[in-house]
Each structure stands twice: as C-alpha cells, then as structure tokens.
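Spelled out, the chains give:
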Amino acid sequence: MSTDGQDRIEAEHAFGFDTRQLHAGQRPDPNTGARAVPIFQTTSYVFEDPESAAAYFNLQEYGNTYSRIMNPTVAVFEERVANLEGGAGAVAFASGIAAQHAALFTLLEPGDHVVASSALYGGSVNQFKHVLRKMNVGVTWVDPDDLDAWRAAVQPTTKVFYGETVGNPGGNVLDIEAVAAIAHEHELPLMVDSTFTTPYLVRPIEWGADIVVHSATKFIGGHGTSLGGVVVEAGTFDWSNGRFPVVADPSPAYHGLQFHETFGTYGYLMKLRAETLRDLGAAMTPFNAFLFLQGLETLSLRMDRHVANALAVAEFLEGHELASNVRHPALHGSPYRPLVDKYLPRGAGAVFSFDCAGGREGGQDLIRALTLWSHLANVGDAKSLVIHPASTTHRQLSDDELRAGGVGAGTVRLSVGLESVDDLIWDLEQAFALVAAGHAAPAVAR
Ligand code: PLP
C-alpha cells in the first residue's frame, strides 16, 4: 500500500494495542519489500551533497548522519515504543541504566536536586547515590506511598520526581496521577521507570507522567538475550517555565541552539538525542533493536501469560507455611490492591518477592533446591527466574536502604515466566520440601 494510503487509514481508524505492537513505526522497506524490519548494520550514511550534510548536522533537516545518534532499525523501535506509550517520541539506549542516566543528565545541572522513591531497583539507587553525587546533584529519598513526603521534599533546586510503576522488588505501586499532580504543582516533571509493567499494563503518560524510561532488557525484549533501554517523553511539559535553562536557553554544546523554542514538543527529545546521546555515546545497536522489535510483536500475549502465572504462583506461596509476606500487589490482602485496580487492570506484572522461613540461609537453600527456576540477575525473561536480592542485586545497599526497598535477609525475588504454571509450582513445592527436610541440594547451574 502507498504511504499516502497508509496515512489516510491511520487518520481514520484508531488501531488497537495488539495491532500497533506489530506495525507501528514501520512501513515495509520501499527498496526491497522486506516485511521484517531490516537490520541496518551501518555506522554512517552517504549524504546527497554537502548542503544536505550541513542541514542534517544543523538539525534544520532530519536525516541520518551517524549511528551513535540515529539508525533506521533503532528508529523503528523508538517509534513503536513511543506509539505504544502514547508519547511524542522516544530515544533508545544501550541499556536501561544508560537510558535513565541520559534522561536525567539532559535536564540536570550541577547544584540541582532530585526527589526519588526509596523503593527503586538497587542499580538505580547506586546510580542516584554515586553518579548524581559526582555531578553535584542532591537526592532526597521519599517513601513513594507518602504523598506528603513527595511534596515536603521539594527544594528550590529540585528538577524532577522519579519513581517506578511497580517497585523492584518490594512490589509497591506508584500512585502516578497523585505524584504527577504534586510534581506539576511545583512545575516539575515526573519521570517513571515502567520496566516491570511495559506499555501493555500501564501507560504512565495517560496518568500525567512526563517521561517514561524502560529497561528493554526485561519484558520488552522478553527472552533474556539483549541489553537495551528507551526514554519516552509525553511532549507536553513546559521546559520554558524558568526552571530549566539547561533545556530552554541557548546551548553551548550545540552552537547556541535553543532546543525548546526551536523544536517545541520535541525539544527535550532532540536535546536527549543530539547532545546527550551524541556525547555519552551509549547507543542501542541495530541488532538489539531488531531483537526488541521481535519482542514487542508478542508483548501483550506474553504479558497476559506472565501475569496469570505470577498470580497463581503468588497465591500458592501465600498458602505455604515456609513463605511469608508475599509482596504481589494484586493479592487480595495487598495494600496496593486499590492502586492495581486503578492503574493495572490487566495485571500487576510478574516480578514479586516473598520472605523465606529461616532468613538468609532459608532463602539461599530454597534457591539451591529449585530445578526449573533459573538462578540469575535478571527479570522479564520468558523463563522463570529467581534470586536472593540482599546478597546480589541489592548488595551495595545499607540495612536502612534494604528495608526502604522492601528487602529482608530471607527475601527471595521471582520473575515468573511462561512455563506451564503447574510445573513452576511443583518445583517450588519440591524445593520447600527439601529445605524443610534439611536436604538442600548442592547448587547446579540452571
Ligand atoms: N530499571 C529496573 C526496574 C530494573 O530492574 C533494571 C535492571 O534490572 C534497570 C532499570 C536497569 O536496566 P539494564 O539492566 O537494562 O541497564
């Protein structure tokens, strides 16, 4: 079909999520007719003439220059994620941690301040505590459930609120609409890490978030093969409100360009790409973008199964005498159930934690005795995964920080995969039985 024809249909008909996860951002390759997105494995692009080259580098015209800044395969991934999230656009990165750093770096200057949920992924806590400190940016940690704490933490130098849709691994659900409203009262953007929920389960922009970041490494890729991250911006935040000279004023790093005035809705995203990605260099590879596109094609189908399996496993654990404090936010007894009903009607994801009887040893013995669950430091794989956060992903955190993040000595985190759920429960049952009998098996790599 011609491009004109496709544009007309898109203008007349609002396509559903399942259709957009397969088609958004891509037209079959006009040169070859290739239906799959081609992997443009190239560093650079031949310019038509010196004038076009200059116009591209001046950002007067949009054209491919160099794959550290843009690449046609990566562009399809970016456009598809932006479409699924309901954002103005997206910029992809080499990892989730690179994406969130770049998203913050673009709007922060030395002396600034960030208000962040205390229940973040351990790697994010490290990044905020150490990397932001090196940038002379202060952080105030708040209990994400305490709306007054978000409000009270704002300082004259505060530039952004930061939280996770569902905390890792505490399972707290962010009241996105309420926290966004407080941020906006102070003319600040809300940045949300939606890695655990993906655009299928919640679209934070619809609830007032301004910037959404993802580790695509997890459910978006979905098969544990590739590292990647992506930043999506709503395009509605007023970066010219006086608090963000770094986005609004003439930029010394781009010969005096005023990104917000020049690009409006796309000002922040253009700065994120043309300056931050250019200068920090953590670009997504075209091959990884291709794999993430394969992941996105089945996102809704996989997430439905992840969600159903995870709830069944959580309900099993809730009834087990060697498990306690099962922190799955969709369980009936969970304090987060009202927020799940509001924000996550399709389910609260597939990553949650619980406490094992016997503390640290109990948790580690259980992991040793499992046979089907893979013991590793990732989440969001099609395969089921298990880890002991206090000795691994959250190892650098102090006792107070562990408590704030909902991690105890015996806490075990599960990322529930797509296997037959009976097999997952069977494996947990046999592992608990071994632990109870004092026969934890020696570790075997799975
Ligand atoms: N955000 C969350 C919630 C995560 O769980 C992780 C990694 O585990 C990241 C961000 C960082 O992503 P990546 O490992 O792709 O850098």
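Residues numbered from 1 in each chain as written. Predicted model: local features only at pLDDT ≥ 70, side-chain atom pairs only at ≥ 80, totals over all residues. Heavy atoms only, no water.

1. Quick notes on the domain arrangement of the protein
Each domain of the protein was delimited in the assignment, giving domain 1 (3-295) and domain 2 (300-437). Placing a centre on the C-alpha atoms of domain 1 and another on those of domain 2 gives a separation of 29 Å. Facing 41 residues of domain 1, the contacting portion of domain 2 comprises 39 residues. Interface of domain 1 and domain 2: buried area, both sides summed, is about 3,300 Å²; carbon and sulfur atoms make up 58% of it. When the buried surface of domain 1 facing domain 2 is broken down by residue, Pro169, Tyr200 and Phe219 rank first, second and third, together holding 23% of it. In this structure, the connection of domain 1 to domain 2 is made through one salt bridge. One salt bridge in this structure joins lysine 342 and glutamate 177, with 2.5 Å as the shortest N-O distance. (Domains from an automatic or database assignment. Contact = heavy atoms within 4.5 Å. Buried area = accessible area lost by both parts, 1.4 Å probe. Salt bridge = Lys/Arg side-chain N within 4 Å of Asp/Glu carboxyl O.)

2. With respect to the environment of aspartate 381
As for its position among the elements, aspartate 381 is in the loop between strand 10 (374-375) and strand 11 (385-387). Sequence spacing of aspartate 381 and glycine 408 is 27 residues, and the spatial spacing of their C-alpha atoms is 24 Å. Discounting chain neighbours no more than four positions away, the residues touching aspartate 381 are Gly222, His223, Gly224, His306, Ser415 and Gly417. Polar contacts involving the side chain of aspartate 381 include one to the main-chain amide nitrogen of lysine 383, which spans 3.1 Å. (Helix = DSSP H or I, 4+ residues; strand = E, 2+ residues; numbered from the N terminus. Polar contact = N/O pair within 3.5 Å; in protein donor to acceptor, adjacent residues only side chain to side chain.)

3. Re the sheet that holds strand 8 (residues 323-324)
Either a parallel or an antiparallel arrangement is found when strands of a sheet pair, and the pairing is made through backbone hydrogen bonds. What the five strands build is an open sheet, ordered 8-9-12-11-10; its pairing is mixed. Only two strands of the sheet have a single partner each, and these edge strands are strand 8 and strand 10. With three bridges connecting them, strand 11 and strand 12 (residues 411-415) associate as antiparallel partners. Each residue of the ladder has a partner; that of isoleucine 387, found in strand 12, is arginine 413. Those strands touched by helix 16 (residues 359-369) are strand 9 (351-356), strand 10, strand 11 and strand 12, and its axis lies near 120° from that of strand 9. (Pairing = 2+ DSSP bridges. Axes fitted to C-alpha atoms, helices over the stretch in contact; angles between N-to-C directions.)

4. Notes on unusual backbone geometry
Here the phi dihedral of leucine 59 falls at roughly 60°; this positive angle occurs in a residue that is not glycine. Position of leucine 59 relative to the elements: it lies in the loop between helix 3 (50-57) and helix 4 (72-85). Despite not being glycine, threonine 198 has its phi angle at roughly 60°, a positive value. Tracing the backbone shows threonine 198 in helix 9 (residues 198-201). Residue classification places threonine 198 among the buried residues on the basis of a relative accessible area of 0%. (Buried < 20%, exposed > 50% of the residue type's maximum accessible area, 1.4 Å probe, protein only.)

5. Some details on the nonpolar core
Ranked by size, the top nonpolar core spans 119 residues in total, and within it Phe77, Met191, Tyr268, Val313, Leu317, Phe354 and Leu414 carry the most contacts. Among the elements that make up this core, the one with the highest residue count is helix 14 (residues 299-318) (eight residues). Split by domain, the residues of this core number at least three in each of domain 1 (3-295) and domain 2 (300-437). Residues in contact with leucine 414, not counting those within four places in the same chain, are Val313, Leu317, Ala350, Val351, Phe352, Phe354, Trp373, Leu385 and Val386. (Core = buried A, V, L, I, M, F, W, Y, C linked by side-chain atoms within 4.5 Å.)

6. Some points on the sheet that holds strand 7 (residues 229-233)
Strand order in the open sheet made by the seven strands is 1-7-6-5-4-2-3, with mixed pairing throughout. Taken across any chain shown, the strands that pair with only one partner, and hence form the sheet edges, are strand 1 (89-93) and strand 3 (138-142). Taken over all neighbouring pairs, the strand axes of this sheet differ in orientation by 20° on average, direction set aside. Where helix 6 (residues 122-134) meets the sheet, it contacts strand 2 (113-117), strand 3 and strand 4 (158-164), and its direction lies at approximately 150° from that of strand 3.

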